[in-house]
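# Examination of the molecular architecture
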Protein chains: 2
Amino acid sequence: MEQQLHFITLATHDLDDARSFYQDGLGWSPALDVPDEVIFYQVAPGLLLGLFRADKFAEDLGLGTAPAPSGVTLSHNVGSREEVHDVVAAMARAGGVLLKEPQESAFGGIFHAAVRDPNKIVWEIAHNPGWHVLDDGTVSIS
Amino acid sequence: MEQQLHFITLATHDLDDARSFYQDGLGWSPALDVPDEVIFYQVAPGLLLGLFRADKFAEDLGLGTAPAPSGVTLSHNVGSREEVHDVVAAMARAGGVLLKEPQESAFGGIFHAAVRDPNKIVWEIAHNPGWHVLDDGTVSIS
């Protein structure tokens, strides 16, 4: 199996809330939007984030109930501590809920915050001085 | 906020099981491995998959209990239906549990299967004829 991810799909209860947050609030553009089913946003080279209506997500996996995302965090790195504050403020204006104020992390020497989107997807916004991406896309982390 | 994901982090109960599955079983290589804390695998240009010990994951977000991932699926695309079968077989040999036999999907006209890793992380293995990645990393999906 190649060491490669192509989609991350999250159970999403309200696609209108998702559009309002990511598109109207944060200025993102969808790669594909199938109303009442799924929205895809490209979030890295060759990688889509899929917000899949929770009941269809459950049906697809044969689950009895439609879950909200749990045990998963999406992280977005920025270049400075000030940008952590700026992005967190933009997410709050867009309808996000602050879970963790910008602060030093307990692990890894980073400065970060956590924000929940309207569908309970948790984002970490972080300034991580040990994070570097080489020209070929290889990540160096220390 | 840039439309960019840098890490996806999943609550992981047993890092030894994760190493056994991804490294010994599937031949992956870690970008960083901090024993008893976290393992990172690079899974796209500029993107790491972080398997973070579940109790530390919970502590980091101020959660009372350590969750298993729920409401999230990771998808891996392959070039043919035959490869779907091959990758699913490799994951089963590595210790994965088959959740959904290779079959036509209910949505999107793809051929796919679902496999749970030893830490309950759900992977979809799919052949999706509408999936294309351009040279600059832009995904085209129909």
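Higher on the page you've got the structure.
First, a word on scope: everything that follows refers to the structure included in this document.

Let's shift gears to the relation of the copies chain A and chain B. Relative to chain B, chain A is turned by 180 degrees and slid 0.0 Å along the rotation axis, the superposed coordinates differing by an RMSD of 0.0 Å. In symmetry terms, the pair is related by a two-fold rotation axis. When each C-alpha of chain A is compared by its distance to the rotation axis, A:Ser70 comes out closest, at 2.5 Å.

A few words on the interface of chain A and chain B. If you look at the interface, chain A gives 58 residues, while chain B gives 58 residues. On the chain A side of the contact with chain B, A:Met1, A:Gln3 and A:Phe107 bury the most area, a combined 17% of that side's loss. Put simply, chain A and chain B have 2 salt bridges between them. One salt bridge in this structure joins A:Asp60 and B:Lys100, with 3.1 Å as the shortest N-O distance. Counting across the interface, chain A meets chain B through 31 residue pairs in polar contact (both at pLDDT 80 or more). Here the side of chain A that touches chain B gets 6 residues from one element, more than from any other, and that element is strand 5 (residues 72-77) of chain A. Considering only residue class, the side of chain A that touches chain B consists of 35 nonpolar, 17 polar and 6 charged.

Below, the discussion takes up the sheet that holds strand 4 (residues 47-53) of chain A. With mixed pairing, 8 strands are arranged side by side in an open sheet as 2(A)-3(A)-4(A)-1(A)-5(B)-8(B)-7(B)-6(B). Two strands lie at the open edges of the sheet, namely strand 2 (32-34) of chain A together with strand 6 (97-104) of chain B, each paired on one side alone. This sheet shows a mean twist of 20 degrees between the axes of neighbouring strands, independent of strand direction. Bridge count between strand 6 of chain B and strand 7 (residues 111-116) of chain B: 5 bridges; the pairing is antiparallel. Looking across to strand 7 of chain B, one finds that B:Val97 is bridged to B:Arg116.

Cut-off values and rules
- Residues numbered from 1 in each chain as written.
- Chains lettered and ligands numbered in written order.
- Predicted model: local features only at pLDDT ≥ 70, side-chain atom pairs only at ≥ 80, totals over all residues.
- Heavy atoms only, no water.
- Least-squares fit on C-alpha atoms with pLDDT ≥ 70 in both.
- Contact = heavy atoms within 4.5 Å.
- Buried area = accessible area lost by both parts, 1.4 Å probe.
- Salt bridge = Lys/Arg side-chain N within 4 Å of Asp/Glu carboxyl O.
- Polar contact = N/O pair within 3.5 Å; in protein donor to acceptor, adjacent residues only side chain to side chain.
- Helix = DSSP H or I, 4+ residues; strand = E, 2+ residues; numbered from the N terminus.
- Nonpolar A, V, L, I, M, F, W, Y, C, P; charged D, E, K, R; others polar.
- Pairing = 2+ DSSP bridges.
- Axes fitted to C-alpha atoms, helices over the stretch in contact; angles between N-to-C directions.

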